[in-house]
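Descriptive structure summary
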Amino acid sequence: MHIIRRRGWEIPEHLVTPEHFVLNRRTLLGAAGAMSILPAIAARADTPVNPTYKDAGRPVTDEKYATTYNNYYEFDTDKSIWRAAQKLKQHPWTIRIEGMVAQPRSIGIDDLLAQIPQEERIYRHRCVEAWAMTVPWSGFPLSKLVKLADPLASAKYVVFETAQDKSMTGLSAFYPWPYTEGLTIEEAANDLAFISTGMYGKALPPQNGGPIRLTVPWKYGFKSAKSIVKVSFTDKRPVTFWESLQSSEYGFWANVNPEVSHPRWSQATERLLGSNERVPTQLFNGYAEQVAGLYSGVKNQKLFM
Ligand SMILES: Nc1nc2c(c(=O)[nH]1)N[C@H]1C(S)=C(S)[C@@H](COP(=O)(O)O)O[C@H]1N2
Ligand SMILES: [Mo]
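Residues numbered from 1 in each chain as written. Chains lettered and ligands numbered in written order. Predicted model: local features only at pLDDT ≥ 70, side-chain atom pairs only at ≥ 80, totals over all residues. Heavy atoms only, no water.

Looking at the overall build of the chain
This is how the line gets drawn: Each helix is a run of DSSP H or I of at least 4 residues and each strand a run of E of at least 2, with the numbering of both proceeding from the N terminus. The cut-offs for exposure are 20% and 50% of the maximum accessible area for each residue type, with area from a 1.4 Å probe on protein chains only; residues under the lower value are buried, those over the upper are exposed, and the others partly exposed. Contact definition: two residues touch when any of their heavy atoms are within 4.5 Å. Only the protein chains shown count as cover for residues, and the accessible areas themselves come from Shrake-Rupley with a 1.4 Å probe.
Along the backbone of the chain there are 9 helices and 12 strands. Evaluated residue by residue, the chain yields a buried proportion of 54% over its 305 residues. Of the contacts formed within the chain by residues at least 6 apart in sequence, a portion of 70% connects residues at least 24 apart. A total of about 13700 Å² of accessible surface is found on the chain, and carbon and sulfur atoms cover 54% of it.

Okay, structure coming up:
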């Protein structure tokens, strides 16, 4: 694949160049010079791996599968949107923080990344359609973004709203745009809940939700909203994109459970991208130890769809 990877938000548009050229220039300029022009690249080159998440219990999916087989309905309902998604401009990118917060504000992605250190984590991903992958994400715990947003003590949910851009040809289809997702404040505080700004040691490509997405590995993939432009806090449970489209099939909780079938298919196994091997699906996608306790007090609700 000989494409020019647009590394969006990290460098001004006129400096966007193929990867090798950027790296050469960094070497030429030396660390200090590069820092002033390319802060995000310099930070990412030595993104430390979080030892707790260095092994997801199965091989990492080959990057070419994870970056060319995507769900991103704003572009199209089929999986081959990666080329079209390159048109989504990654820089400048601003995230609005509002709702039940001490002070509503907007924050640019560079400013955000300068304030929060990045780390790498390898996570399992399980789509509700029964395919799965294993990805090294870089980014930071969602709890750090929540802390920065400074929600009121009365806020119970965090809601993510994603971009609606003119490059997104799928927006003309009849769906309840914008794509929204939500978590309870307790879920958002769990150490697994992650904001991804990179994958495979590079900037997050637009097709995977660049420049910034949510990554919630114990839930079906649709909870992991891509290309976030708004984070808001509320005391009312949001009605999310998939729930408003088809609440009999997709709910708010959407925790992975092999024993609870989708109304139209079994969730017992999953197909690994790349090898196409079928493997058993695990409760909470293998993260039960860390998250099952979040749901001990939730009664009479569909936790697994
Ligand atoms: N904005 C937005 N976010 C989204 C989606 C989408 O269509 N639009 N699809 C979701 C679904 S169903 C899945 S499985 C994952 C896929 O992420 P990936 O393409 O990086 O594998 O993104 C989720 N986030
Ligand atoms: Mo999905």
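Let's talk about unusual backbone geometry
The omega angle of the peptide bond from H91 to P92 is 0°, so this bond is cis rather than trans. Checked against the element boundaries, P92 lands in the loop between α4 (82–85) and β1 (94–99). A cis amide bond links W177 with the next residue in sequence, P178, at an omega value of -5°. Following the sequence through the fold, P178 ends up in the loop between β5 (157–162) and β6 (180–184).

Quick word on helix α6 (residues 142–149)
Count 3.6 residues to each turn of an α-helix, and residues three or four apart come out pointing the same way. The following threshold applies: Working note: the arc is built from the helix axis to C-beta atom directions.
Listed in full, the buried residues belonging to α6 are L142, L145, V146, L148 and A149. Angular distribution of buried residues about the axis of α6 spans 160°; they occupy a single face of the element. Once α6 finishes, D150 follows within two positions and takes phi at roughly 60°, a positive value.

Quick notes on the side chain of T67
As a reminder of what qualifies: Between N or O atoms, a polar contact is any pair within 3.5 Å; within protein, one atom must be a potential hydrogen donor and the other a potential acceptor, and residues adjacent in sequence are included only when both atoms are from side chains.
Within the secondary structure, T67 sits in the loop between α3 (63–66) and α4. We classify T67 as buried; its relative accessible area is 2%. Side-chain polar atoms of T67 contact the backbone oxygen of E63, separated by 2.7 Å. Once residues within four sequence positions are removed from consideration, T67 is found in contact with W82, M199, P205, Q207 and N208.

A word on the environment of P51
Structurally, the position occupied by P51 is in the loop between α2 (39–45) and α3. Its relative accessible area of 59% is what places P51 among the exposed residues.

Observations regarding the nonpolar core
Which entries qualify depends on this criterion: Here, nonpolar core means buried Ala, Val, Leu, Ile, Met, Phe, Trp, Tyr and Cys residues that are tied together by side-chain atoms lying within 4.5 Å of each other.
Counting 72 residues, the largest nonpolar core has L112, L142, F160, W218 and F233 as the members making the most contacts within it. For this core, the elements supplying multiple residues, two or more each, are β1, α5 (109–115), β4 (131–141), α6, β5, β7 (194–199), β10 (228–234) and α8 (241–245).

Quick look at the sheet that holds strand β2 (residues 105–108)
Rule in force here: Here, any two strands with at least 2 DSSP bridges between them count as paired. Axis lines are fitted through C-alpha atoms, for helices just across the contact stretch, and the angle between N-to-C directions can take any value from 0 to 180 degrees.
What the 5 strands build is an open sheet, ordered β2-β1-β10-β5-β6; its pairing is mixed. For this open sheet the edge positions go to β2 and β6, each flanked by a neighbour on one side alone. Geometrically, the sheet is characterised by an average inter-axis angle of 20° between neighbouring strands, direction not taken into account. Strand direction decides the pairing type here: β1 and β2, joined by 4 bridges, are antiparallel. In the sheet register, R96 faces β2, and the bridge partner there is S106. Packed on one face of the sheet, α6 meets β1, β2, β5, β6 and β10 and runs near 70° to β10.

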